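Each chain, written out:
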Amino acid sequence: MSWTENDVPTQTGRVAVVTGANTGLGFETARVLAQKGAEVVLAVRDTAKGAEAARRIAAVAPGATVRVQRLDLGSLAAVREAAAELRASTPRVDLLVNNAGVMYPPKQTTADGFELQFGTNHLGHFAWTAQVLDLLLDVPGSRVVTVASIAHRIRAAIHFDDLQWERSYDRVAAYGQSKLANLLFHYELQRRLEARGAERGTVALAAHPGIADTELVRNLPALLQKAQAVAPLFSHDAEHGALPQLRAATDPGALGGQYYGPDGLGERRGAPRVVTSSEQSYDLDLQRRLWAVSEELTGVAFPV
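From a predicted model like this one, the values you see are computed outputs, not experimental measurements.

(A) Looking closely at helix α3 (residues 76-89). Across its 14 residues, α3 extends 20 Å between first and last C-alpha, which sits within 8% of the 20 Å expected from 1.5 Å per residue. All of the buried residues in α3 are Leu76, Ala78, Val79, Ala82, Ala83 and Leu86. Buried residues along α3 cover an arc of 150° about the axis, so they all sit on one side. In α3, the exposed positions angled more than 90 degrees off the buried face are occupied by Glu81 and Ala88.

Put into structure tokens, the structure is as follows:
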């Protein structure tokens, strides 16, 4: 059966934090959660754009509580500051949706010298989750949702010998590495949460939007930019692209460790369902090795 935003159960009394919520998939996710009664925190780098997003959500979700939290995933110092601010203002979190990301930029580095895609998409969220996870632990029904991509299958590998692409830079392969890292993180996090005991509550899920028409495509290579004219034939809009992460976040039947994506051909678009990820994303040794390296690079440790 097709699953739509109308199937999202009431979120009244729940607190949801969505990264990158000022536009695209993050905005649509935050909008639906607010319309269903959740208190929503828009964790965004540009607070002016975040404030505008909050106003847009308030217009369609009267009475909803929507707050803006500054979060720059490209700076470990900024992540620490944002985590401290969230902890000071929010006693508990029910849903953490790690949605923000960058795709195919020219070679750039974060404030800490990490390749921008790996540093933002993976390491930034890794550090952020580590420092706010205790707000979710032991909250009944709490979930961490990691937003991945079908690009985790495209020229993707974890280049431990050159994680920051210092020798050469391939923006497509670098994006694939960052999205594969998202899934490796997701599976290892779920295993650690399970080790605490299922009765303790918190679970990890992941999702991907298929091919969604959002601002994320602004850095597409020239050849793919030319293909944008026919993009509607194999993609869908942000509203539909957000459904897999919304289902992962809210479906009462969803289970920890699951990965949601569109049900159409090649998982490019369609209604959300449980899907499988690449063979290497399930590699336990790879998951554990990346986790250890990520802790070393970010200087954080998880409470699980």
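Next comes the rest of the write-up.
(B) Summary view of the pattern of salt bridges. For the structure shown, the criterion picks out 13 salt bridges. Measuring nitrogen to oxygen at the nearest pair gives 1.9 Å for the salt bridge that ties Asp170 to Arg155. With Asp170 in the loop between β5 (143-147) and α5 (171-195) and Arg155 in the loop between β5 and α5, this residue pair connects regions lying 15 residues apart in the sequence. The class for Asp170 is partly exposed, based on a relative accessible area of 22%. Across the salt bridge formed by Asp251 and Arg247, the nearest N and O atoms sit 2.7 Å from each other. Here Asp251 matches Arg247 in class, with each residue buried. The network of salt bridges with common partners includes Glu5, Glu28 and Arg31.

(C) Structural context of the pairing of strand β1 (residues 15-19). A large share of β1 lies buried, amounting to five of its five residues. The side-chain alternation of β1 yields two buried faces, one formed by Val15, Val17 and Thr19 and the other by Ala16 and Val18. By the bridge criterion, five bridges tie β1 to strand β2 (residues 39-44) in an arrangement that is parallel. For Val15, the partnering residue across the bridge sits in β2 and is Glu39. In this view, the connection linking β1 to its parallel neighbour β2 by way of helix α1 (residues 24-35) has right-handed handedness.

(D) The arrangement of the packing of aromatic side chains in detail. On inspection of all chains with the given rule, the structure shows eight aromatic pairs. Residues Trp291 and Phe302 carry aromatic rings whose centres are separated by 4.5 Å and whose planes lie at 50° to one another, so their mutual orientation is tilted. Of this pair, Trp291 sits in helix α9 (residues 284-298) while Phe302 sits in the segment after α9, and the two are eleven residues apart along the sequence. Each member of the pair, Trp291 as well as Phe302, is classed as buried. Members of the aromatic cluster, connected to one another through ring pairs, are Phe126, Phe185, Trp291 and Phe302. Positioned over the ring face of Phe27 is Arg56, at 3.9 Å from the centre of the ring. Over the face of the ring belonging to Phe160 we find Arg289, whose NZ or CZ atom lies 3.8 Å from the ring centre.

Conventions we followed
Residues numbered from 1 in each chain as written. Predicted model: local features only at pLDDT ≥ 70, side-chain atom pairs only at ≥ 80, totals over all residues. Heavy atoms only, no water. Helix = DSSP H or I, 4+ residues; strand = E, 2+ residues; numbered from the N terminus. Expected span 1.5 Å × (residues − 1). Buried < 20%, exposed > 50% of the residue type's maximum accessible area, 1.4 Å probe, protein only. Arc of directions from axis to C-beta. Salt bridge = Lys/Arg side-chain N within 4 Å of Asp/Glu carboxyl O. Pairing = 2+ DSSP bridges. Right-handed = clockwise from strand over helix to strand, strands pointing away. Phe/Tyr/Trp six-rings, centres within 6.5 Å; stacked < 30°, edge-to-face > 60°. Lys NZ or Arg CZ within 6 Å of the ring centre and 35° of its normal.

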